[in-house]
Amino acid sequence: MVKTPTYLGEITTTTTTSSSLLAMVDEDQLVDVRRDGGGLDHPTVIKRRFTSVLIVSALSPAFVWTWKEFTGTSSSLLALMGIRFEGLIPAVILPLLLTMVLFLGPLIQLAMDYPWFWNLCASDMRWMRNQVVAPLTEELVFRACMLPMLVPFFQFSYTAVFGAYTAFIFIRTGHLVGPVLCHSFCNYMGFPAVNAALDHPHRPTVLTCYLLGVLLFLLGLFPLTEPAYYSLPTPVCTLAPPGLDSLCAS
């Protein structure tokens with residue numbers, strides 16, 4: 001019979017508490033929608049949602065600190081959460097570059113169809129939600145706060161490929177900024193419009209860029225997230241069990 005570590009219950013409790021807080025935010029969102037009748041894109045609903053998620057995000061580090069003190073983990077709280085100066089510049093550039101390479105086809109398609117698509121409006125509450133608040137708060141809670149507590153037990157249960165991808169970046173780089181920027185970029189791009197690409201006037205060029213982007217992404221996935229670029233070993237990798245050796249290896 002395998003003996004369960006004594007502090008596994010602490011991790012389960014902490015994760016459950018964090019999930020409960022997030023559930024409260026979702027319930028609050030539904031109440032706001034019913035009250036204002038404007039849907040999720042109503043400015044009042046978005047502002048209330050901002051307040052809710054910012055409160056949850058502010059509380060989340062306290063759970064990581066509690067777990068850290070309980071387990072005697074030697075890394076600092078900020079380092080575990082991916083907030084550190086070592087390797088910061090490559091962490092800002094390389095993961096985002098890798099993600100943009102994956103979207104090479106959609107980027108070329110957008111550039112052809114909407115040359116002005118890079119224009120952003122920071123005063124638009126929906127843009128603030130999708131490109132700033134959502135990426136920052138979701139990556140802070142799910143990657144920076146939950147992942148360090150789950151890594152030692154390899155208890156991953158991803159429901160989306162994107163969650164696994166940002167977790168991969170966080171583990172390999174040890175930085176929060178990379179997942180946040182990639183999350184924001186993917187929110188802006190959305191799911192690739194493959195059907196539109198198939199019917200595009202410049203279909204050969206667009207489809208070639210789609211395939212080239214996927215190929216370059218696969219070729220650059222491990223080289224551009226090389227832990228040595230980000231100050232080896234990354235804090236999360238110091239907690240990794242033998243099963244994650246290949247993921248953390250330089």
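Residues numbered from 1 in each chain as written. Predicted model: local features only at pLDDT ≥ 70, side-chain atom pairs only at ≥ 80, totals over all residues. Heavy atoms only, no water.

1. Digging into the nonpolar core
Here is a general trend for soluble globular proteins: nonpolar side chains tend to be buried in one another's company. In terms of nonpolar packing, the biggest core is built from 28 residues, with Val151 and Ile171 touching the most fellow members. Counting residues per element, the ones that place at least two in this core are α2 (43-71), α6 (125-150), α7 (161-173), α8 (177-189) and α11 (245-248). Here this core takes six residues from α7, the largest share from any one element. Counting five residues, the second-largest nonpolar core is a separate cluster that includes Phe103, Leu107, Phe185 and Cys186. (Core = buried A, V, L, I, M, F, W, Y, C linked by side-chain atoms within 4.5 Å. Buried < 20%, exposed > 50% of the residue type's maximum accessible area, 1.4 Å probe, protein only. Helix = DSSP H or I, 4+ residues; strand = E, 2+ residues; numbered from the N terminus.)

2. What to know about the pattern of salt bridges
A full pass over the atoms with the stated rule returns two salt bridges. Measuring nitrogen to oxygen at the nearest pair gives 3.7 Å for the salt bridge that ties Lys68 to Glu69. Where Arg143 meets Glu139, a salt bridge forms, and the shortest distance between an N and an O atom there is 2.8 Å. With Arg143 and Glu139 both in helix α6, this residue pair falls four residues apart, about one helical turn. Both residues of the pair, Arg143 and Glu139, count as buried. (Salt bridge = Lys/Arg side-chain N within 4 Å of Asp/Glu carboxyl O.)

3. Brief notes about the packing of aromatic side chains
One pass over the structure, following the stated rule, counts four aromatic pairs. A centroid spacing of 5.3 Å and a plane angle of 80 degrees characterise the contact between Phe168 and Phe222, whose relative ring orientation is edge-to-face. A residue pair is termed long-range when its members are at least 10 positions apart, and Phe168 in helix α7 and Phe222 in the loop between α10 (203-220) and α11 qualify at 54 residues. Overall, Phe168 belongs to the buried group, its relative accessible area being 12%. (Phe/Tyr/Trp six-rings, centres within 6.5 Å; stacked < 30°, edge-to-face > 60°.)

4. Points about the environment of His175
Assignment of secondary structure puts His175 in the loop between α7 and α8. Dropping the residues within four chain positions of it, His175 is found in contact with Gly82, Arg84, Glu86, Gly87, Leu88, Ala91, Phe170 and Tyr230. Of note is the side chain of His175, whose polar atom sits 3.5 Å from the backbone oxygen of Gly87. (Contact = heavy atoms within 4.5 Å. Polar contact = N/O pair within 3.5 Å; in protein donor to acceptor, adjacent residues only side chain to side chain.)

5. Notes on the packing of α6 against α8
For any two helices packed against each other, one specifies the crossing angle of their axes together with the interaxial distance. α8 packs onto α6 with a crossing angle of 135 degrees between their chain directions and a minimal axis gap of 8 Å. Our classification of the angle between α6 and α8 gives oblique. Taken as a pair, α6 and α8 cross one another with a handedness that is right-handed. Where α6 abuts α8, its residues Asn130, Gln131, Ala134, Pro135, Leu136, Glu138 and Glu139 lie against Pro179, Val180, His183, Ser184, Asn187 and Tyr188. (Axes fitted to C-alpha atoms, helices over the stretch in contact; angles between N-to-C directions. Parallel < 35°, antiparallel > 145°, perpendicular 65-115°, else oblique. Left-handed = near helix turned anticlockwise from the far one by under 90°.)

6. As for the confidence of the model for the protein
Averaged over every residue, the pLDDT of the protein is 79; the share at 70 or more is 75%. The weakest mean pLDDT in the protein belongs to helix α1 (residues 8-36) at 47; the strongest belongs to α10 at 96. The model gives residues 1-16 a pLDDT under 50, and that stretch makes 16 contacts with residues more than four places away or in other chains. Across residues 27-34, confidence stays below pLDDT 50; counting only partners more than four residues off in sequence or on other chains, it has eleven contacts. (pLDDT = per-residue confidence, 0-100.)

7. Quick notes on α2
The end-to-end C-alpha distance of α2, which contains 29 residues, comes to 43 Å, matching closely the 42 Å that a straight helix rising 1.5 Å per residue would cover. For α2, the set of buried residues is Val45, Ile46, Phe50, Ser52, Val53, Val56, Ser57, Ser60, Pro61, Val64, Trp67 and Lys68. With its phi angle positive at about 75 degrees, Gly72 sits one or two positions after the end of α2. (Expected span 1.5 Å × (residues − 1).)

8. Considering a nonpolar patch on the surface
Together, Phe85, Leu88, Ile89, Val92, Ile93 and Leu97 make up a nonpolar patch on the protein surface, roughly 600 Å² of accessible area in all. Relative to the helices and strands, Leu88 is located in helix α4 (residues 88-102). (Patch = residues over 30% accessible without salt bridge, like charges linked within 9 Å, V, L, I, M, F, W, Y side chains within 5 Å. Areas by Shrake-Rupley, 256 points an atom, 1.4 Å probe, with all protein chains shown as cover.)

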